[in-house]
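Now for the letters of each chain:
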Amino acid sequence: MLQNLNNYHIILASNSPRRRELLAGLGIDFDIRVLPDIDEHYPDTLPVGDIAQFIAAKKADAYKQTMTGNELVITADTIVVVDGEVMGKPHDEADAHRMLSTISGRTHQVITGVCLTTNTKQRQFSVTTDVTFKSLTDEEINHYITHYQPYDKAGAYGIQEWIGYIGVTGLNGSYFNVMGLPVQRIYTELSTM
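Structural notes, computed from the coordinates. Quick caveat: nothing in here was measured; it's all calculated off a predicted structure.

Rules used throughout
Residues numbered from 1 in each chain as written. Predicted model: local features only at pLDDT ≥ 70, side-chain atom pairs only at ≥ 80, totals over all residues. Heavy atoms only, no water. Helix = DSSP H or I, 4+ residues; strand = E, 2+ residues; numbered from the N terminus. Buried < 20%, exposed > 50% of the residue type's maximum accessible area, 1.4 Å probe, protein only. Contact = heavy atoms within 4.5 Å. Axes fitted to C-alpha atoms, helices over the stretch in contact; angles between N-to-C directions. Parallel < 35°, antiparallel > 145°, perpendicular 65-115°, else oblique. Left-handed = near helix turned anticlockwise from the far one by under 90°. Nonpolar A, V, L, I, M, F, W, Y, C, P; charged D, E, K, R; others polar. Arc of directions from axis to C-beta.

As for the environment of Y42
- Counting through the fold element by element, Y42 comes out in the loop between strand 2 (31-32) and helix 2 (51-64).
- Classification of Y42 by relative accessible area gives partly exposed; the value is 31%.
- The sequence separation of Y42 and A96 amounts to 54 residues, and the corresponding C-alpha distance is 22 Å.
- Those residues in contact with Y42, other than ones at most four positions away along the chain, are I51, F54, I55 and V86.

A look at the packing of helix 3 (residues 93-103) against helix 4 (residues 138-147)
- In the contact formed by helix 3 and helix 4, the axes pass within 10 Å of each other and the chain directions differ by 135°. In terms of their interaxial angle, helix 3 and helix 4 are classed as oblique. The handedness of the crossing between helix 3 and helix 4 is right-handed. Between helix 3 and helix 4, the contacting residues are E93, A96, H97, L100 and S101 on the first element and D138, I141, N142, Y144 and I145 on the second.
- Looking at the contact of helix 3 with helix 4 residue by residue, the classes come out as five nonpolar, three polar and two charged.

Quick look at helix 7 (residues 183-190)
- Taken together, the buried positions of helix 7 are occupied by V183, I186, E189 and L190. In a view along the axis of helix 7, the buried residues occupy a sector of 120°, so they form one face of it.
- Contacts made by the buried residues of helix 7 are with helix 1 (17-24), strand 3 (71-82), strand 5 (107-117), strand 6 (122-133) and helix 6 (175-179).

Shown next, in the form of structure tokens:
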């Protein structure tokens, strides 16, 4: 499968263990390369649905300067959106509690933007998944924050962790997108690179 990728040295530009696991699940060989201090700011006027893709493209631009002839770099960014409010990674325990309280008993969107970049071409896309949570108690929220590490996750949660097991009541779209990498769409896009 994906024989066309034999022409490329694939680089996943991410520190995320979840993204590594998901990309490895496609059965392709890749290396990890992470550049420090990439600016992830976006214009305030940017539509919410475009933010993750904009940031993924910004990350890709930073990698273009370091790419060799046959490299294909995969960059991604994930955001959580509730009623138009963008939730990135929580800054501290209070911020994590606020985010989890906000998504409690509601449906929110998880949007992952992805860029596939070579020296000669670039593909950009985003995938959106609707996630519905039951009403979470303060005790459940505090338990999750205390026993897990929500600080490196958009919206302060990992669907593959305890909070997802007990909290998610509905999902419309890609489960793996909520984990941080829409691998089905990536597979489809890589097949035509």
